[in-house]
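Survey of secondary and tertiary structure
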Amino acid sequence: MSLIGAAFLLAGVAGALPGPAAAALAVAGGFALACVRLAWLAGAAAPADHPAPADGPAVTGRSAPNGLPAPTGRSAPNGLPAPTGRPASNNLPASNDQHAPTDRPVTGRRARRAALSRRVAAFLDAAVLAAGLTVAVLPLSAPAHRLPIALAGLSLTGPLHVAALLRLPGRSRLSGPELVRRTVDVLALGVSLVFAGWMLLPGGPVPAVAATAATGGAVVLAVLTVVAVAERRRRPGAARCHAGAALTIGGLTLLVVLLAYDAPDRALPVVAAPLVAGALLTVAGVRRTSGGERPDRDVASAAWPRLTAPAGIAGLAAGIHLGAAGEFSTGAMALGLAVIPPIMVGELLAADQRRRVQRLAAREAWLRRRLGPAAGTAGPVLLTRADLVRVMAHRSGGALLVVDLHGTGGAVPDGPVLIEAARRLRAGSETHDLVARLGDTEHAVLTDLGPVLAYALGLRLLAALAEPYPRPGGVVRLGVSVGLAETSGGDPEDVLRQADLARRRAAQLGRDRVEWYDAYLEEQLVRRLDLERELPGAVARGELDLVYQPVVALADRMPVGTEAFLRWRSPALGTVLPAELLPVAADLDLTGEIGRWVLDRACRQLAAWSDGGRELWMAVNVTPRELAAPDFVARTATALAAYDVVPDRLVVEVSEPVVGAELSTVVPRLAGLRSIGVRIALDDFRAEHASLAQLRRLPIDLIKVGPHLVGAGGDGQRPLIDVVANLADRLGVELVVEELESEGQVAGARRAGCRYGQGFALARPATAERVEAWFEEYPSTTR
């Protein structure tokens, strides 16, 4: 395809084809290929990043860490319950087309990275398409219209590229010195490009459009080129995207200049080469970023040629101009002299940086001789709150590990334990690693290992530090959190902050683990801090809400009950789903307060529906942690009495996967609830051997299973739902099939003899008012 494009380009330059047509044909193949690939990258697995609906789920399965109502994977984008098989005067939609996987957002860093990469690809696809169409319509346009078309294409392509490049993952905040150096580099290159453009323009008056486009294009090219060179090792995908944008915008700028000077048609095909190269380079960059940015360690880490690049460009352009015109105008000489100051400032900054490197190398050598484990031997060095940052400033690659030690119950370990931990840390590090103490319990390890080996080092240090510490009267064990960040191309203090954020994430996830830093991790931590700041007082401020999903009888699809799900309507954060809310509530010890609110609100709503003549039951999720509260049974009885609710209208759901480990606590509490008339549902029943064995030990009234049991069994065996249904019948408990998302699943559950069903195919979670409107389509129902 590139050979065909080159043939068209040569044919246009030689005059065998009209110039505009040759340019259009030369870019057609490359741009078509680029647009198709970018469109595929923008749309690949698109449902995975579909945003969560306001009343939608965040995870499948509804047990929550603190026993509060949690999501089930069954809510709708509009939150409306959808009865199936009967008309509705309130125009609630039928359900067959509303339970697509897009209703269930995928969480995690990979999904969020993929979503961001798709948005970047979509912007760049639009930019490449705009540039290609600009050239493609030239042969179809009158000569007088070609310059406005080129200007419109440049005006549209530039902002689209900017919008995409600003969203590329992995951007880090530049330090003050680095920002100064990069600004000087941009200024030097930009002035040299403006000078080169001035020298290469034809003599005589310069059209205003050409002058503006050439100056603006030179500045943009300087910025994009400097960023591409600076990021080529740390973020190779982003560097290619910047380089592709530079070539594309440069090609369109050249097109505008040629059209502004009424250049002959045979000159127009020359814009094809930078445009096609830019489009294909953009595709390569997006493909790299979509797979997750990792430093390219095969790329040399040489610095940007601050002196040679601007000086070379300016000198070459001056030579060409001198050979053609024979003299320089006063304006040209002034512009040429303007190239010199930023070049000199850049060289001064580079010289200062080289001196700092030399001083640091000497300092590191001195530290190794002074602080090594033994004279004349190599080994890990213990550095200082300052030496570590200085060393990091001039290392071209490697990783930084931040290690934090946690005593029992969060207590600070005593001195002898910390001394032994530091010894193990130094002993477990590589020979040329540098170890620094950041605080009483925090250390940092600077290594020149690549990502995989650095992660292995983190695991090795974690294992060594987690070993017991002998102490008088017994042993002490420490929890260990390790955060890891790559040092390539980043500001030292920024890298240290990133590694510390990864360490905090490791601690949040349960400690005794190693976590890598990426931009999404930082975003998650900021989000977590926002949640921790806003959640206290949410109950008092009236920000919590419940939505309800009907449970229906499969025989006639009449509603028999509902299940309550928690929502936090935060004015600052929007609607927060239980997947985010409940872990934070547990860490802040707010589960009791929120749980009491949920139980009270559920009983109040149940009483309101009962007063209307509907004998429905209400299910509320709890976990062993909430059941363990000494006053849980009494509190439940108080809530029932306060709203005059018949006890058997309340159903307390416990999740089967977490019940097994807490049987000694769960069984007495469930028995206490049943003694006051409350019914018990076993949620998320897995139909495994252990589950079936412990089923007889639990005082339950309902079993809730997922739709995976409805399908045919393996090797021609009968569906598992039949086995569970028979067991439930023998035990005298009812069976509810949840997460039903298709009519086939509903029919299979009904054939198996299941009495109740719940899911998208039957009705969706919604506010109390909308559920009441849905109830109006049915006569008063009994249990």
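To be clear, the structure that these remarks concern was listed above.
Here's a quick rundown of the structure.

What counts, and where the lines are drawn
- Residues numbered from 1 in each chain as written.
- Predicted model: local features only at pLDDT ≥ 70, side-chain atom pairs only at ≥ 80, totals over all residues.
- Heavy atoms only, no water.
- Helix = DSSP H or I, 4+ residues; strand = E, 2+ residues; numbered from the N terminus.
- Buried < 20%, exposed > 50% of the residue type's maximum accessible area, 1.4 Å probe, protein only.
- Areas by Shrake-Rupley, 256 points an atom, 1.4 Å probe, with all protein chains shown as cover.
- Phe/Tyr/Trp six-rings, centres within 6.5 Å; stacked < 30°, edge-to-face > 60°.
- Core = buried A, V, L, I, M, F, W, Y, C linked by side-chain atoms within 4.5 Å.
- Pairing = 2+ DSSP bridges.
- Salt bridge = Lys/Arg side-chain N within 4 Å of Asp/Glu carboxyl O.
- Patch = residues over 30% accessible without salt bridge, like charges linked within 9 Å, V, L, I, M, F, W, Y side chains within 5 Å.
- Contact = heavy atoms within 4.5 Å.
- Expected span 1.5 Å × (residues − 1).
- Axes fitted to C-alpha atoms, helices over the stretch in contact; angles between N-to-C directions.
- Parallel < 35°, antiparallel > 145°, perpendicular 65-115°, else oblique.
- Left-handed = near helix turned anticlockwise from the far one by under 90°.
- Nonpolar A, V, L, I, M, F, W, Y, C, P; charged D, E, K, R; others polar.

Looking only at helices and strands, the protein chain features 26 helices and 17 strands. Buried residues in the protein chain amount to 50% of all 783 residues. Accessible surface computed for the protein chain: about 33700 Å², of which carbon and sulfur atoms make up 59%.

Turning next to the packing of aromatic side chains. The relative placement of two aromatic rings is captured by the distance of their centres and the angle of their planes. Counted under the stated rule, the structure contains four aromatic pairs. Ring centres of Tyr-548 and Trp-609 lie 5.3 Å apart, and the angle between their planes is 70°; on these two criteria the pair is classed as edge-to-face. Highlighted residues: Tyr-548 in strand β9 (residues 544-553) and Trp-609 in helix α18 (residues 591-611), separated in sequence by 61 residues. The class of Trp-609 is buried, set by a relative accessible area of 4%.

Here we take up the nonpolar core. Counting residues in each nonpolar core, the largest one holds 79 residues, and the members touching the most others are Leu-535, Leu-566, Trp-568, Leu-673, Ile-703 and Val-705. Val-135, Leu-154, Leu-224 and Val-276 belong to the second largest nonpolar core, which has 40 residues in total.

Right, let's get into the pairing of strand β2 (residues 399-406). Burial of β2 is extensive: eight of the eight residues sit out of reach of the surface. Residues of β2 alternate between two faces, with Ala-399, Leu-401, Val-403 and Leu-405 on one and Leu-400, Val-402, Asp-404 and His-406 on the opposite face, all of them buried. Pairing analysis gives six bridges linking β2 to strand β4 (residues 442-447), with the strands arranged antiparallel. Within β4, the position partnered with Val-403 by the bridge is His-443.

On to the pattern of salt bridges, then. Any two side chains of opposite charge can pair, on the condition that their charged atoms come close. For the coordinates displayed, the defined rule picks out 25 salt bridges. With a shortest N-O distance of 3.1 Å, Glu-442 and Arg-503 are connected by a salt bridge. Within this pair, whereas Glu-442 is found in strand β4, its partner Arg-503 is found in helix α15 (residues 492-508), the two being separated by 61 residues in sequence. For the residue pair Glu-442 and Arg-503, the accessibility class agrees, reading buried in each case. Each of Asp-404, Glu-442, Asp-500 and Arg-503 takes part in a single network of salt bridges with overlapping partners.

Glancing now at a nonpolar patch on the surface. Nonpolar side chains collect at one region of the surface, where Leu-200, Leu-316 and Ile-320 lie side by side and expose about 310 Å² of accessible area between them. Position of Leu-200 among the secondary structure elements: in helix α5 (residues 176-200).

Time to look at the environment of Gly-574. Here Gly-574 is to be found in strand β11 (residues 574-576). Look past the residues within four positions of Gly-574 in its chain and what remains in contact with it is Trp-568 and Arg-569.

Turning next to helix α4 (residues 143-165). Helix length check: α4 (23 residues) gives 33 Å between terminal C-alpha atoms against 33 Å at 1.5 Å per residue, within 8%. Those residues of α4 not exposed but buried are Arg-146, Ala-150, Gly-153, Leu-154, Thr-157, Gly-158, Leu-160, His-161, Ala-163, Ala-164 and Leu-165.

This paragraph deals with the packing of α18 against helix α20 (residues 632-642). Remark: α18 packs on α20, axes separated minimally by 9 Å, with the N-to-C direction vectors making an angle of 30°. Judged by the angle between their axes, α18 and α20 are roughly parallel. Handedness of the crossing formed by α18 with α20: right-handed. For the pair formed by α18 and α20, the contact residues are Arg-596, Leu-599 and Cys-603 on the first element and Arg-635, Thr-636, Ala-639 and Leu-640 on the second. Taken together, the residues of the contact of α18 with α20 break down into four nonpolar, one polar and two charged.

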